[in-house]
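The residues making up each chain are set out below.
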Amino acid sequence: VNLRALTSWVGIARLLAVVLSCLTFSLVASTGHFGGPYGTWCMFTWCFCFAVTLLVLLLELLELYPLLPLSWDDFTSAFSMLATLMVFTSSVIFPATFISSPCSSSRCARQAVATTASCLCFLAYAVEVSLTRAKPGDISSFLSTVPGLLKVFEAYVACLIFSLLDEYSGKSGLMWCVAVYSICFIFTLLIIIFTIGRCLAYIPCSLEKVLVGYNFLALLMYLTATVLWPLYGFQGRSRPDPCGTDCWWNKRLGVTFLTIFNLIAYLVDLVYSTRMVF
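Residue positions are given per chain, counting from 1 as you read along its sequence in written order. The predicted nature of this model means local features are confined to residues of pLDDT at least 70 and side-chain atom pairs, given and counted, to a pLDDT of 80 or more, with totals for whole chains, interfaces and linings taken over all residues. To get the side-chain values, all heavy atoms of the structure are used, and hydrogens and water are removed first.

This is how the line gets drawn: UniProt positions are given in the numbering used here, feature names are shortened, and annotations may be inferred rather than shown by experiment.
In the annotation of an unreviewed UniProt entry, the entry for the protein reads MYADM protein, and the organism field reads Irena cyanogastra. The UniProt entry for the protein carries this comment under Subcellular location (unreviewed entry): "Membrane". Turning to the protein, the UniProt annotation filed under Sequence similarities (unreviewed entry) states: "Belongs to the MAL family."

Rendered as structure tokens:
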């Protein structure tokens, strides 16, 4: 038994994440008010992060993780980054969707406490990411470096973009943007999977330079999408009034901002990857 898995700073952050995620989904479940796609997503996020973090703690406590056919450091780094992004998104979506003003009922109070616990859970995962991030000169695991963490961020933002896509057929500009999102997402996801599965060593070429080339091409592709998506998405169409949660205008505006976020992420990724190689 490795008690350091629970007593180290990383272990304490994981324990807090387990307790807070469990508290969050328990409070939300007690209200019985989490229906619809947004509520389902939030509940899935808290339950998923709770289950995987608990599994990670048990495997490290019993020292069973070396038996798994994967890179454990890469897996835990990628998961902590993913959990940080997922819990942050849920901490924003849940109160915006389910908490109404004024908040006077007992159900609303439980929802407010659940939101607070979710925000604290996000901080716990963010602390874990900062503690496990590779220091300058340390290349023990790729996904714990800044370019590796950015790969998880880029893939997650692409998933958010896919969730907001509505009607895009019939316009070549929008179809190109969707192709950009899909191609970059697939290649980024393959890099993450191959890294965790220890398959990158079998690639018969310089992996670092391949990643630099891929980041450069992805940056150019996202640059075109940043220009074409708002140009074709809002061309000749004004914002409807009223414009609710499922309004097409709000969704396309969200895709625009997420595209800019990923463009910045690929730019930073290219800079860091270039510095690591050259």
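### A closer look at the domain arrangement of the protein
We apply this condition: Domain start and stop points were drawn from an automatic or database domain assignment. Note on contacts: a residue pair qualifies if any of its non-hydrogen atoms lie within 4.5 Å across the two residues. Here the buried area means the combined drop in accessible surface, using a 1.4 Å probe, for two parts upon being joined, counting both sides. The rule for a salt bridge is simple: a side-chain nitrogen of Lys or Arg has to be within 4 Å of a carboxyl oxygen of Asp or Glu. N or O atoms within 3.5 Å of each other form a polar contact, as long as, within protein, one can give a hydrogen and the other can take it, and as long as residues adjacent in sequence are counted only when both atoms are side-chain atoms. Counting from the N terminus, the helices are the DSSP runs of H or I reaching at least four residues and the strands are the DSSP runs of E reaching at least two.
For the protein, the assigned domains read domain 1 (1-137) and domain 2 (145-277). Relative to domain 2, the C-alpha centre of domain 1 lies at a distance of 25 Å. Each side of the interface is counted separately: domain 1 has 16 residues, and domain 2 has 11 residues. Together, the buried faces of domain 1 and domain 2 total about 1,300 Å²; carbon and sulfur atoms form 75% of this surface. Counting the contacts that link domain 1 with domain 2 gives 0 salt bridges. Our enumeration of links across domain 1 and domain 2 arrives at 3 residue pairs in polar contact (both at pLDDT 80 or more). Sorting the residues of the side of domain 1 that touches domain 2 by element identifies helix H3 (36-61) and helix H4 (72-98) as the ones contributing at least two each. Among the elements that make up the side of domain 1 that touches domain 2, the one with the highest residue count is H4 (9 residues).

### Some details on the environment of Leu 219
Where we set the bar: Using a 1.4 Å probe on the protein chains alone, a residue whose accessible area is under 20% of its type maximum counts as buried, one over 50% counts as exposed, and one in between counts as partly exposed.
By secondary structure assignment, the location of Leu 219 is in helix H8 (residues 207-233). Judged by its relative accessible area of 14%, Leu 219 falls in the buried class. Along the chain, Leu 219 and Met 175 lie 44 residues apart, while their C-alpha atoms are 18 Å from each other. Those residues within four positions of Leu 219 in sequence are excluded, and the remaining contacts are Leu 263, Tyr 266, Leu 267 and Leu 270.

### Section: the pattern of salt bridges
Applying the stated criterion across every chain yields a total of 4 salt bridges. With its nearest N and O atoms 2.5 Å apart, the salt bridge here joins Lys 151 to Asp 269. Of the two residues, Lys 151 sits in helix H6 (residues 146-164) while Asp 269 sits in helix H9 (residues 248-277), which places them 118 residues apart along the sequence. Both residues of the pair, Lys 151 and Asp 269, count as buried. One salt bridge in this structure joins Arg 252 and Asp 166, with 3.5 Å as the shortest N-O distance. Within this pair, whereas Arg 252 is found in helix H9, its partner Asp 166 is found in the loop between H6 and helix H7 (172-196), the two being separated by 86 residues in sequence. Residue classification places Arg 252 among the buried positions, given a relative accessible area of 3%. Each of Arg 14, Glu 60 and Glu 128 takes part in a single network of salt bridges with overlapping partners.

### A look at the side chain of Glu 60
Residue position: Glu 60 is located in helix H3. Within polar-contact distance, the side chain of Glu 60 engages the side chain of Trp 72 at 2.7 Å.

### Quick word on the confidence of the model for the protein
To be explicit about the condition: Note: pLDDT gives the predictor's confidence per residue, expressed from 0 to 100.
The pLDDT averaged across the protein works out to 89; a share of 97% of its residues lies at or above 70. Predicted confidence in the protein is weakest over helix H1 (residues 4-7), with a mean pLDDT of 88, and strongest over helix H2 (residues 9-31), with 95.

### Topic: the nonpolar core
This is how it is decided: Note on terminology: a nonpolar core comprises buried Ala, Val, Leu, Ile, Met, Phe, Trp, Tyr and Cys residues joined through side-chain atoms within 4.5 Å.
Within the largest apolar cluster, 53 residues are counted, with the highest numbers of intra-cluster contacts made by Tyr 125, Ile 161, Tyr 181, Cys 184, Tyr 222, Trp 229 and Tyr 266. Among the secondary structure elements, those contributing two or more residues to this core are H2, H3, H4, helix H5 (106-132), H6, H7, H8 and H9. For this core, the element with the highest residue contribution is H7, accounting for 10 residues. Counting contributing residues, this core receives three or more from each of domain 1 (1-137) and domain 2 (145-277).

### Details of the packing of H2 against H5
Inclusion rule: Angles here are taken between N-to-C directions and fall from 0 to 180 degrees, while the axes themselves are lines fitted to C-alpha atoms, restricted in helices to the stretch in contact. Angle categories are assigned with fixed cut-offs, so that under 35 degrees is roughly parallel, over 145 is roughly antiparallel, 65 to 115 is roughly perpendicular, and the rest are oblique. Rotating anticlockwise by less than a right angle from the far helix to the near helix defines a left-handed crossing, while the corresponding clockwise rotation defines a right-handed one.
Interaxial distance between H2 and H5 falls to 8 Å at its minimum, and their mutual angle equals 160°. Taken together, H2 and H5 sit at an angle that is classed as roughly antiparallel. Handedness of the H2/H5 crossing: left-handed.

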